[in-house]
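Coordinate inspection notes
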Amino acid sequence: MTAIGELVRGMRDTRSALLPVALMALLGAAVFAFLQLADEVGEDELGAIDEALLLLFRDPSDRSQVIGPPWLEETMVEITALGGYPILVVMVAVVVGYLFMMRMAGPALFVLASIVTGTIAGHVLKLVYDRPRPDIVDHLVAIHTPSFPSGHATMSAVVYLTLASLIMRLVDSTLVRGYVLSVAVLLTLAVGISRVYLGVHWPSDVAAGWALGVAWASLSWLVVAALRVYRERAREKAR
């Protein structure tokens with residue numbers, strides 16, 4: 001078996017022939033959304049909308065105070081950590097380690113490569129756009145990098161959706177697949193919303209991060225589908 005075929009060993013085909021088409025559409029839509037947001041941010045066309053949405057989470061009489069009880073702020077701090085590098089690195093390491101132990105080195109390396117390259121792409125884009133963080137409210141957690149696109153939104157989408165796509169390839173149950181995808185989407189949405197709530201990102205930063213992450217996860221899934229086709233054709237030729 002070729003090295004390329006080994007990357008998708010153990011991954012099952014989906015039943016729907018329309019899935020690659022849907023993924024292509026999703027990839028195109030996500031890329032278009034990111035480019036549109038980047039263009040409008042570059043021309044400062046979203047300033048009023050960003051400010052209005054950001055201030056929805058703040059006390060009108062005191063912008064340093066978020067709306068809701070103290071426990072909500074604490075909860076948002078905990079949720080935002082789910083999109084931070086420490087937790088994501090540990091999560092990916094655990095999954096990759098499990099795959100290696102199950103003698104699925106190909107999928108393990110594929111997941112690792114997808115997430116690492118997605119991380120690099122997000123970081124490079126941050127440096128390219130170099131957008132300042134919101135300065136109209138207090139930041140409730142520490143920040144160290146430019147604002148656009150949101151790293152937490154990008155990486156939560158890349159990691160959770162990529163891992164979800166892997167699990168969906170390894171199981172047959174439609175119910176399990178739906179559950180895994182739903183959890184991944186909900187976690188991604190929660191992390192992004194928490195970044196706006198805590199005042200460290202404009203809403204457009206988060207939306208762009210989601211778009212970039214969805215595009216990257218869709219591309220990864222399409223690559224898997226293409227490698228599956230290659231593997232099956234290689235098997236047929238070897239017979």
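Attention in this report is confined to the structure presented alongside it. (Residues numbered from 1 in each chain as written. Predicted model: local features only at pLDDT ≥ 70, side-chain atom pairs only at ≥ 80, totals over all residues. Heavy atoms only, no water.)

Taken as a whole and judged by the stated rule, the model has four aromatic pairs. Note on Phe57 and Tyr197: the rings are 5.7 Å apart at their centroids and 75° apart in plane angle, and the pair reads as edge-to-face. Placement of the pair is Phe57 in the loop between α3 (47-55) and β1 (58-59) and Tyr197 in helix α8 (residues 174-197), with a sequence separation of 140 residues. The partly exposed category is assigned to Phe57, whose relative accessible area is 21%. Tyr197 gets classed as buried once you look at its relative accessible area, which sits at 1%. Linked through ring pairs, Phe34, Tyr129 and Phe148 together constitute an aromatic cluster. (Phe/Tyr/Trp six-rings, centres within 6.5 Å; stacked < 30°, edge-to-face > 60°. Helix = DSSP H or I, 4+ residues; strand = E, 2+ residues; numbered from the N terminus. Buried < 20%, exposed > 50% of the residue type's maximum accessible area, 1.4 Å probe, protein only.)

A cluster of nonpolar residues, Phe100, Leu109, Leu112, Val116, Ile120, Val124, Val128 and Tyr129, forms a patch on the protein surface that exposes about 690 Å² of accessible area. Residue contributions to the nonpolar patch peak at seven residues, all from helix α6 (residues 105-129). Inspection of the secondary structure assignment puts Tyr129 in helix α6. (Patch = residues over 30% accessible without salt bridge, like charges linked within 9 Å, V, L, I, M, F, W, Y side chains within 5 Å. Areas by Shrake-Rupley, 256 points an atom, 1.4 Å probe, with all protein chains shown as cover. Salt bridge = Lys/Arg side-chain N within 4 Å of Asp/Glu carboxyl O.)

The terminal C-alpha atoms of helix α5 (residues 85-101), which comprises 17 residues, lie 24 Å apart, in line with the 24 Å expected from a rise of 1.5 Å per residue. When α5 is considered as a whole, its buried residues turn out to be Leu88, Val92, Val96 and Leu99. Projected onto a plane normal to the axis of α5, the buried residues spread over an arc of 55° and lie on a single side. With respect to the buried face of α5, the exposed residues turned more than 90 degrees away are Pro86, Val90, Val94 and Met101. Buried residues along α5 sit against α6 and α7 (151-170). Immediately beyond the C-terminal end of α5, within one or two residues, lies Arg103, with a positive phi of roughly 60°. (Expected span 1.5 Å × (residues − 1). Arc of directions from axis to C-beta. Contact = heavy atoms within 4.5 Å.)

Taken together, the side chains of Asp39, Glu43, Asp44 and Glu45 define an acidic patch exposed on the protein surface. Positionally, Asp44 belongs in the loop between α2 (19-42) and α3. Judged by its relative accessible area of 59%, Asp44 is exposed. (Lys, Arg positive; Asp, Glu negative; His and termini not counted. Charge placed at Lys NZ, Arg CZ, Asp CG, Glu CD.)

Another aspect to go through is the environment of Val223. Secondary-structure assignment places Val223 in helix α9 (residues 203-238). Distance from Val223 to Ser114, taken between C-alpha atoms, is 10.0 Å for residues 109 residues apart in sequence.

Turning next to the side chain of Lys126. Tracing the sequence through the fold places Lys126 in helix α6. Despite its burial, Lys126 remains without a salt bridge, the nearest opposite charge being carried by Asp205 at 7.2 Å. Residue contacts for Lys126: discarding those within four places in its chain leaves Arg133, Thr145, Pro146, Ser147, Phe148, Pro149, Ser150, Gly151 and His201.

For the rest of this paragraph, the subject is the pattern of salt bridges. All told, the structure shown has two salt bridges when counted by the stated rule. Taking the shortest distance from any N to any O, the salt bridge between Arg131 and Asp50 comes out at 3.0 Å. Residue Arg131 is found in the loop between α6 and α7, and its partner Asp50 is found in helix α3; the two are separated by 81 residues along the sequence. A relative accessible area of 2% means that Asp50 is categorised as buried. Overall, the relative accessible area of 14% leaves Arg131 in the buried class. Overlapping salt bridges, with partners in common, bring together Asp50, Arg131 and Asp205 in one network.

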